[in-house]
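# Tertiary structure, described
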Amino acid sequence: MAAQKDLYDAIVIGAGIQGCFTAYHLAKHRKRVILLEQFFLPHSRGSSHGQSRIIRRAYPEDFYTQMMDECYQIWAQLEHEAGTQLHRQTGLLLLGMKENSELKMIQATLSRQGVEHQCLSAEELKQRFPNVLLARGEVGVLDKSGGVLYADKALRALQDAIRHLGGLVCDGEKVMEIKPGFPVTVKSTAGSYQAKSLVITAGPWTNQLLRPLGIELPLQTLRINVCYWREKVPGSYGVSQAFPCFLGLGLSPAPHHIYGLPSGEYPGLMKVCYHHGNNVDPEERDCPEAFSDIQDVQILGRFVRDHLPDLEPKPALLEPCLYTNTPDEHFILDRHPKYDNVVIGAGFSGHGFKLSPVVGKILYELSMKLTPSYDLTPFRMSRFPGLGKAHL
């Protein structure tokens, strides 16, 4: 627990990857920062746990691809500072029907932004990746800059860096009350803190903290089944075989994206997941009756059987993970409409980890009243009507 009477430059609530990068940027700029986390670290209750995430420049929207340039630089900088490998370039293989509109938009964005990529016909794919089967009409696009981020190592590296830079990381401290104003006061289960600004990066718990401040964001908490599938021959889908990460866009039988990472986290197991889940109360995500949507796992099983024939078509391991989605699946990075020293980062919708270095920089800039480095139009909460401003 930190000293109570100190005035901090910023309090950050929530030590997932977004909160950690926000605190890191604040500490790097010599701001007095305290990062509060309700659970003891490390934990697996939110969206930032587990060993791996995909990193990619491939997006339909130019603004994400542009943000990724700086993200790659900051990931490399953190890797250098930590002296630990946090990233591995494997390439990212996008799979979809030739006429798939999202695939076409991604190709157009990659071309516009000058990102090296390769369009692969079914025949070329078969030669490059013989253990991927495509249905008639399916093609591939290879984003060569894609790869794997080592998520748990990245979180540890950031928490160590924050402490090293003079910031405080206080875990096992649940926030009980926020008193807006200048300074803003935050009461936790362990004490009371005051700061010039507050940044809320609390994932599924965001609205719990915002309701008493007069707003409710249109956030939906989904529980995702993170599935691992056994290789029939260990290593056949591994990094050592130069197997890439992949993203399946609208492939039968799945209406939502399916993504996969080369085997490595667990020996002989490949992570293949459905980018979709079911509504859940974050407090009850471990309840057995609320667990495992069989339908999603069946869809994945059919995809694995049809496209990845060298995997067993039944998952060997399932782990829960939470997504906090906005209706358009774009982030919310904004100030509170009434209290301009309260900054909110939310709704990372299952694709925020790779972008967290720049998200943290933006939240740092907002909290310090600096001009943001990026156009925040796509991320403003005003794009959603009726946020309860009547209560303000």
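Residues numbered from 1 in each chain as written. Predicted model: local features only at pLDDT ≥ 70, side-chain atom pairs only at ≥ 80, totals over all residues. Heavy atoms only, no water.

## A short note on helix α7 (residues 294–307)
Over its 14 residues, α7 runs 20 Å from end to end, which matches the ideal 20 Å to within 8%, given 1.5 Å per residue. Those residues of α7 that fall on the buried side of the exposure criterion are D296, V297, I299, L300, G301, F303, V304 and H307. (Helix = DSSP H or I, 4+ residues; strand = E, 2+ residues; numbered from the N terminus. Expected span 1.5 Å × (residues − 1). Buried < 20%, exposed > 50% of the residue type's maximum accessible area, 1.4 Å probe, protein only.)

## Structural notes on the layout of surface pockets
Roughly 240 Å³ of volume is contained in the second largest pocket. If you go around the second largest pocket, you meet 17 residues; those closest to its centre are S52, V148, Y150, G264 and E265. Among the elements that make up the lining of the second largest pocket, the one with the highest residue count is strand β16 (residues 269–274) (3 residues). Per-class residue counts for the lining of the second largest pocket are 7 nonpolar, 5 polar and 5 charged. (1 Å grid on protein atoms, 1.4 Å probe; cavity = no way out; pocket = protein on both sides within 12 Å on 5 of 7 lines; lining within 4 Å. Points joined across faces, edges and corners; volume = space filled by probe spheres on them. Nonpolar A, V, L, I, M, F, W, Y, C, P; charged D, E, K, R; others polar.)

## Focus on empty space enclosed by the protein
Tallied over the full model, the rule gives 1 cavity of 30 Å³ or more. Approximately 40 Å³ is the volume attributed to the largest cavity. A per-element tally of the lining of the largest cavity places α7 first, with 3 residues. Of the residues contributing to the lining of the largest cavity, the split by class is 3 nonpolar, 2 polar and 1 charged.

## Regarding the packing of helix α2 (residues 62–82) against helix α8 (residues 356–367)
A pair of packed helices is captured by two measures, namely the crossing angle of their axes and the spacing between those axes. Interaxial distance between α2 and α8 falls to 7 Å at its minimum, and their mutual angle equals 100 degrees. Classified by the angle their axes make, α2 and α8 are roughly perpendicular. Of the residues in α8, those in contact with M67, E70, C71, I74 and W75 of α2 are S356, P357, V358, K361 and I362. Looking at side-chain class alone, the contact of α2 with α8 contains 7 nonpolar, 1 polar and 2 charged residues. (Axes fitted to C-alpha atoms, helices over the stretch in contact; angles between N-to-C directions. Parallel < 35°, antiparallel > 145°, perpendicular 65-115°, else oblique. Contact = heavy atoms within 4.5 Å.)

## Side note on helix α3 (residues 101–112)
The α-helix winds at 3.6 residues per turn, so residues separated by three or four positions along the chain end up facing the same way. Given a rise of 1.5 Å per residue, 12 residues ought to cover 16 Å, and the 16 Å separating the end C-alpha atoms of α3 matches this to within 8%. Residues L103, I106, T109 and L110 constitute the buried set of α3. Seen along its axis, α3 keeps its buried residues to an arc of 125 degrees; they face one direction. (Arc of directions from axis to C-beta.)

## Describing the pairing of strand β15 (residues 258–261)
Alternating residues of β15 divide into I258 and G260 and Y259 and L261, and every residue in both groups is buried. Sheet analysis places strand β14 (residues 245–248) next to β15, joined by 3 bridges and oriented antiparallel. Looking at β15, one finds that L247 is bridged to Y259. (Pairing = 2+ DSSP bridges.)

## Quick notes on the side chain of E138
Relative to the assigned elements, E138 resides in strand β7 (residues 138–143). Buried within the structure, E138 lacks any salt-bridge partner; R136 is the closest side chain of opposite charge, at an N-O distance of 11 Å. Side chain to side chain, E138 and H307 meet in a polar contact 3.0 Å long. Once you skip the residues sitting within four places of it in the chain, E138 turns out to touch G96, M97, A122, L251 and H307. (Lys, Arg positive; Asp, Glu negative; His and termini not counted. Salt bridge = Lys/Arg side-chain N within 4 Å of Asp/Glu carboxyl O. Polar contact = N/O pair within 3.5 Å; in protein donor to acceptor, adjacent residues only side chain to side chain.)

## Details of the side chain of S145
Tracing the backbone shows S145 in the loop between β7 and β8 (147–150). In this structure S145 comes out as buried when scored by relative accessible area, which is 13%. Within polar-contact distance, the side chain of S145 engages the side chain of D143 at 2.7 Å. With residues up to four places along the chain from it excluded, the contact list for S145 reads R57, Y72, Q89 and V115.

## What about the sheet that holds strand β3 (residues 52–55)?
Overall, antiparallel pairing links the 3 strands, which are arranged β3-β8-β4 in an open sheet. Across the chains shown, the open sheet's two edge strands, defined by having one partner strand only, are β3 and β4 (87–89). Taking each pair of neighbouring strands and ignoring which way they run, the sheet shows an average axis angle of 25 degrees. Both β3 and β8 contribute to a ladder of 4 bridges, which runs antiparallel. From the neighbouring strand, I54 faces β8, where its bridge partner is V148. Set on the sheet, α2 makes contact with β3, β4 and β8; between it and β3 the angle comes to about 140 degrees.

## Points about the nonpolar core
Ranked by internal contacts, the top residues of the largest apolar core, which has 48 residues, are F21, L35, W75, L78, F331, L333 and L355. Looking at this core, the elements that each hand over two or more residues are β1 (7–13), α1 (17–28), β2 (33–36), α2, α5 (151–164) and α8. Among the elements that line this core, the one with the most residues is α2, at 8 residues. In this structure F331 touches Y64, A346, G347, F348, H351, G352, L355, V359, P378, F379 and R383, once residues within four positions along its chain are discounted. (Core = buried A, V, L, I, M, F, W, Y, C linked by side-chain atoms within 4.5 Å.)

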